[in-house]
Amino acid sequence: MSTARIASMEGEVLELLQALIRNRCVNDGSPESGHEARSVATLESYFGHPGVVVEPAPDRQSVVYRVRGTDSAAPTLLLLGHLDVVPVTESGWTVDPFGGEVIDGMVWGRGTVDMLNLTAAMAVAFKPYVTGERRPPDGDLVYVAVADEEQGGALGAEWLMNNRPDLIDCDYVLTEIAYPSVRTPSRAPVHLVKVAEKGPAWRLIRGSGVPSHGSQPYGTDNAVVKVAEAITAIAKAPSPVQITPEWRSFVEGVGWDSGRVANLLDPDQVDNEIELMAVEDPVLARWVHACTHLTLSPNIVSGGAKANTVADRAVTDVDIRILPGQTEQTVDDHLRKVLGPSYDDLDIEEAIHFPAGASVAAGPLWEAIGDAYESLTGSRRIVPALTPATTDARFFRSKGVTAYGVGLFDDRVALSEFLGMFHGNDERIGVDSLGLTVRLLSLIIERLPERANP
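Residues numbered from 1 in each chain as written. Predicted model: local features only at pLDDT ≥ 70, side-chain atom pairs only at ≥ 80, totals over all residues. Heavy atoms only, no water.

Within the structure shown, the criterion is met by four cavities of 30 Å³ or more. Each pocket or cavity is described by its volume, and for the largest cavity that value is around 70 Å³. Lining the largest cavity are Pro75, Leu77, Pro137, Asp138, Gly139, Asp140, Leu141, Ile445, Leu448 and Pro449. Here the lining of the largest cavity takes three residues from helix H14 (residues 431–452), the largest share from any one element. Among the residues forming the lining of the largest cavity, the class breakdown is seven nonpolar, one polar and two charged. (1 Å grid on protein atoms, 1.4 Å probe; cavity = no way out; pocket = protein on both sides within 12 Å on 5 of 7 lines; lining within 4 Å. Points joined across faces, edges and corners; volume = space filled by probe spheres on them. Helix = DSSP H or I, 4+ residues; strand = E, 2+ residues; numbered from the N terminus. Nonpolar A, V, L, I, M, F, W, Y, C, P; charged D, E, K, R; others polar.)

Below is the structure:
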């Protein structure tokens, strides 16, 4: 690829990312939020012609483009991005979270790491095949930008899978999460490829009581107190450990010292090691904990009718994530244990459930990813990684499709700092990282047919 073309692509991906940030496709969980149609219009303008647009609810659009390959036997690669972002607390930001400003070589804005950076980079890598600048690929190449990922995908990837599977039929998927490479003092960089993710097993925990006057609380049956006690029990109790094969591969591959490696792979020692890590790097420790434990986070609480009335109802929404190897039974057994006798006095309802999933770190796409990293960095050290978050990759994995998360970042943001930006304040990414990711994706697209048919 010529220097001029690389520079052009770097400029395109920056402008496209800024446009997507400024579209403010904020998904607060309500059906009327998101407004992803704004960014679908931006992408259609960028590509120069309409894609196939679906709209399960007003303004909640996803768009699909497919370039037909020349060989029907060659594998189909799908590039999957999402258009929605989570809400922000603007007072916590140094800059306008929807300004898309470039400051000291960094693009600032909601979605710059989750995942508008990849959505934009995928579009730029895909466009030459739409315009005919590059010859048609051997197998089909598909670009999909979906709505509603941040609320579980019911109006986005899940809707497509259930209602228009023909649009997203493929053999391989590249999507989020793109992790920064890990730098070690004496060895080549280690490139993390997301191959597995936790599954959502969210619960609504409801308590009921008897209303009475709030001035006389003694001996009353207060639903808010019941739910508060349940939240406290959940928050204080240690949760089950699961050392997955993906976690083992990651820990053994990133270059930590042998003592830390041993402890992080020992179910009896991992909590102690996490406490030691938290002293030096609390963000990384939090991520390590999530990658090795069933996690439960009560994040929304509501109840009662009036300040002077004892509450007869209360509910908490608990974000629960299960690792590969853990099940719904794991969740139920843990809740029964930590809640004790109150378990039977509460109404516990499943809100969202999807199994944890993983793709095998082998095969043509895995080798093509290694080729691309090696070409750009000189290092072929690629390590399977797990994410504690949940992505749209799960819908494809459930159908037997291999799905990975990849990207390539400059050295300006370390792994722990990067992890802290997800759904956090001052989300940002290096401008150079955008161009590097475009080049990585372009090389993977080129190499996949060769690896599939050596």
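That was the structure; now back to the text.
What follows concerns the layout of surface pockets. Within this model, the largest pocket holds a volume of roughly 1,500 Å³. In terms of lining residues, the largest pocket is bounded by 43 residues, among which Asn299, Asp319, Arg321, Ala389 and His423 are the most central. Taken together, the residues of the lining of the largest pocket break down into 19 nonpolar, 13 polar and 11 charged.

Another point: the sheet that holds strand E16 (residues 428–430). The antiparallel open sheet is built from three strands, whose spatial order is E4-E5-E16. In this open sheet, the two edge strands, each paired with only one partner strand, are strand E4 (102–103) and E16. The pairing of strand E5 (residues 106–108) with E16 spans three bridges and is antiparallel. Across the sheet, residue Val107 finds its bridge partner in E16, namely Ile429. (Pairing = 2+ DSSP bridges.)

Okay, the pattern of salt bridges next. Tallied over the full model, the rule gives 29 salt bridges. The residue Arg164 makes a salt bridge to Asp166 at a minimum N-O spacing of 2.8 Å. Asp345 is the salt-bridge partner of Lys226, the closest N and O atoms lying 3.3 Å from each other. One end of the pair, Lys226, is in helix H5 (residues 223–236); the other, Asp345, is in the loop between helix H10 (328–339) and strand E12 (347–353), and 119 residues separate them in sequence. Bridged by salt links that share partners, the residues Glu367, Asp371, Glu374, Arg380, Arg447, Glu450 and Arg451 form one connected network. (Salt bridge = Lys/Arg side-chain N within 4 Å of Asp/Glu carboxyl O.)

Moving on: helix H11 (residues 364–377). Given a rise of 1.5 Å per residue, 14 residues ought to cover 20 Å, and the 20 Å separating the end C-alpha atoms of H11 matches this to within 8%. Buried-residue contacts for H11 involve strand E3 (77–82), strand E7 (172–175), strand E8 (191–197), strand E14 (382–387), strand E15 (402–405) and H14. Two residues or fewer after H11 comes Gly378, characterised by a positive phi angle close to 80°. (Expected span 1.5 Å × (residues − 1). Contact = heavy atoms within 4.5 Å.)

Let's shift gears to the pairing of E3. Buried residues dominate E3, accounting for six of its six residues. Residues Leu77, Leu79 and Gly81 line one face of E3 and the alternating positions Leu78, Leu80 and His82 line the opposite face, and both faces are buried. Relative to strand E6 (residues 141–146), E3 runs parallel, the two being bridged by six bridges. Paired with Leu79 across the strands is Tyr143, a residue of E6. (Buried < 20%, exposed > 50% of the residue type's maximum accessible area, 1.4 Å probe, protein only.)

Okay, the nonpolar core next. In terms of nonpolar packing, the biggest core is built from 94 residues, with Tyr143, Leu174, Leu192 and Trp247 touching the most fellow members. Per element, the largest residue contribution to this core is 10 residues, and it comes from helix H3 (residues 116–131). With residues up to four places along the chain from it excluded, the contact list for Trp247 reads Leu264, Leu265, Trp287, Val288, Cys291 and Thr292. Counting residues in hydrophobic clusters, the runner-up holds 20 residues, among them Val64, Leu80, Val146 and Ala157. (Core = buried A, V, L, I, M, F, W, Y, C linked by side-chain atoms within 4.5 Å.)

The next subject is the packing of aromatic side chains. Scanning all chains against the criterion turns up 14 aromatic pairs. Through a chain of ring-to-ring contacts, the aromatic side chains of Tyr46, Phe47, Tyr65, Phe126 and Tyr143 assemble into a single cluster. Over the ring of Tyr46 we find Lys127; its NZ or CZ atom is 4.1 Å from the centre of that ring. The aromatic ring of Phe354 is capped on one face by Arg394, whose charged end is 5.3 Å from the ring centroid. (Phe/Tyr/Trp six-rings, centres within 6.5 Å; stacked < 30°, edge-to-face > 60°. Lys NZ or Arg CZ within 6 Å of the ring centre and 35° of its normal.)

The next point concerns the packing of H5 against H10. Look at H5 against H10: their axes get within 9 Å of each other, and the N-to-C directions meet at 110°. It follows from the interaxial angle that H5 and H10 lie roughly perpendicular. Here H5 and H10 pass one another in a crossing that is right-handed. In this structure, H5 contributes Ala230, Ala233 and Ile234 to the contact, and H10 contributes Leu335, Val338 and Leu339. Here the residues of the contact of H5 with H10 are counted per class, giving six nonpolar, no polar and no charged. (Axes fitted to C-alpha atoms, helices over the stretch in contact; angles between N-to-C directions. Parallel < 35°, antiparallel > 145°, perpendicular 65-115°, else oblique. Left-handed = near helix turned anticlockwise from the far one by under 90°.)

Once that is clear, we can look at the side chain of Lys127. Relative to the helices and strands, Lys127 is located in helix H3. An unpaired buried charge is present at Lys127: no salt bridge exists, and Glu12, the closest side chain of opposite charge, is 4.6 Å distant. With residues up to four places along the chain from it excluded, the contact list for Lys127 reads Glu12, Tyr46 and Phe47. (Lys, Arg positive; Asp, Glu negative; His and termini not counted.)

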